[in-house]
Amino acid sequence: MKKLIVISIIFIAFVGIQCSSVPVSGRSQLSLVGNDKIFPTSFEQYEVVKKEGNIVTGTEQAQMVKRVGVRIQRAVEQYFVDLGEPRYLDDYQWEFNLIDEEVVNAWCMPGGKVAFYTGIMPICQNEEGVAVVMGHEIAHAIANHGRERISQQYAAQAGLGIVGAVLGAGTAAGPGPELIMQGAGAATSLGILAFSRKHESEADKLGLYFMAMAGYDPQHAPKFWERMAANSGGEQPPEFTSTHPSHDTRISDLNANMPKAMEYYRKSKN
Ligand SMILES: [Zn+2]
């Protein structure tokens, strides 16, 4: 029993120092595994998705996804340069692809690998709509939400008394591909839960700022979510589930963050 208590205290102390803070929001998050353990597997899994999915090339929509992605990527890179942290994005390998599948979904895997599905394009409606979704997805990756979820799963397993094994797995081998896909909110077929409400709200806020920094009018964001709400009759994948958070909460939160976003937008036009 004493041994278990000692292990628990060591673990709590370990967890206590294994935190990092989210850019822009400044929120402290659990970080039990490094991006160097996550990104390589993430990049491998993205290649599998590309091989198995029907990647659209050459169409106006496919070019738009790439164009918006690169524009927001560059704005985010500039943001970190201005912040005096140009190395923050060193390990990211950005890529933006459109997959021919009629599902209303998009996601970004840890390290910057983005996929849009053709089914979401009519709701995006235009380039600004694509920028709303792109900003949101890039924000999940910048805020390391996938890594945080993986860390939380490690911590939960450790709580069951397998501290040594879990930390061994976490620090040596790194998380497996399934956990990476879950971390991205990408593995919908595995019945994976959506990102938490906290992660979604944070991605909305950061995404709004990022699209504005890239010169896209952030006032398109509430309009996009209204269109998404109108479309929510059918089944939606976890990343865009209609109840999590509610569309109304989402839209009022976006409007609350709009003055700051408009500052970034005006600055991008100077
Ligand atoms: Zn999301």
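Scroll up for the structure.
Residues numbered from 1 in each chain as written. Predicted model: local features only at pLDDT ≥ 70, side-chain atom pairs only at ≥ 80, totals over all residues.

Student: Before we move on, could you go through unusual backbone geometry and cite the residues and values that matter?
Tutor: Of note, the phi angle at Gln125 is positive, near 75 degrees, even though the residue is not glycine. Structurally, Gln125 can be placed in the loop between helix H4 (121-124) and helix H5 (127-142). Note on Gln125: 14 C-beta atoms within 10 Å, which makes it partly exposed. Backbone geometry at Asn144 places phi at a positive 55 degrees, although glycine is not the residue there. Take Asn144: it is sitting in the loop between H5 and helix H6 (145-158). (Helix = DSSP H or I, 4+ residues; strand = E, 2+ residues; numbered from the N terminus. Buried ≥ 20, exposed ≤ 12 C-beta atoms within 10 Å, placed from the backbone.)

Student: Let's hear about the nonpolar core: which residues, and what values?
Tutor: Counting residues in hydrophobic clusters, the biggest one holds 51 residues, and the most contacted among them are Ile72, Ala131, Ile138, Phe210 and Met211. When residues in this core are grouped by element, the largest group, nine residues, is from H5. Among all residues touching Ala131, those that are not within four sequence positions of it are Val68, Ile72, Met211, Ala214 and Tyr216. Judged by nonpolar contacts, the second largest core, of six residues, contains Val33, Ile38, Phe39 and Ile150. (Core = buried A, V, L, I, M, F, W, Y, C linked by C-beta atoms within 7 Å. Contact = placed C-beta atoms within 7 Å.)

Student: Please provide a residue-by-residue account of the environment of Ala256, values included.
Tutor: Looking at the element boundaries, Ala256 is found in helix H11 (residues 247-256). The class of Ala256 is exposed, set by 10 C-beta atoms lying within 10 Å. The spatial distance from the C-alpha of Ala256 to the C-alpha of Lys205 is 9.5 Å, given a sequence separation of 51 residues.

Student: Pulling in residues and values, what's your account of the sheet that holds strand S6 (residues 113-117)?
Tutor: Sheet architecture is open: four strands sit in the order S3-S4-S6-S5, paired in mixed fashion. The strands lining the two open edges of the sheet, one partner per strand, are strand S3 (55-56) and strand S5 (106-109). Bridge analysis of S3 against strand S4 (residues 95-99) gives two bridges, and the strand direction is antiparallel. Along S4, the bridge assignment pairs Ile55 with Ile99. Sitting on the sheet, helix H3 (residues 60-82) is in contact with S3, S4 and S6, with an inclination near 155 degrees to S4. Running over the sheet, H5 touches S5 and S6 and is turned about 30 degrees from S5. (Pairing = 2+ DSSP bridges. Axes fitted to C-alpha atoms, helices over the stretch in contact; angles between N-to-C directions.)

Bear in mind that shape data such as this cannot, by itself, settle questions of function.
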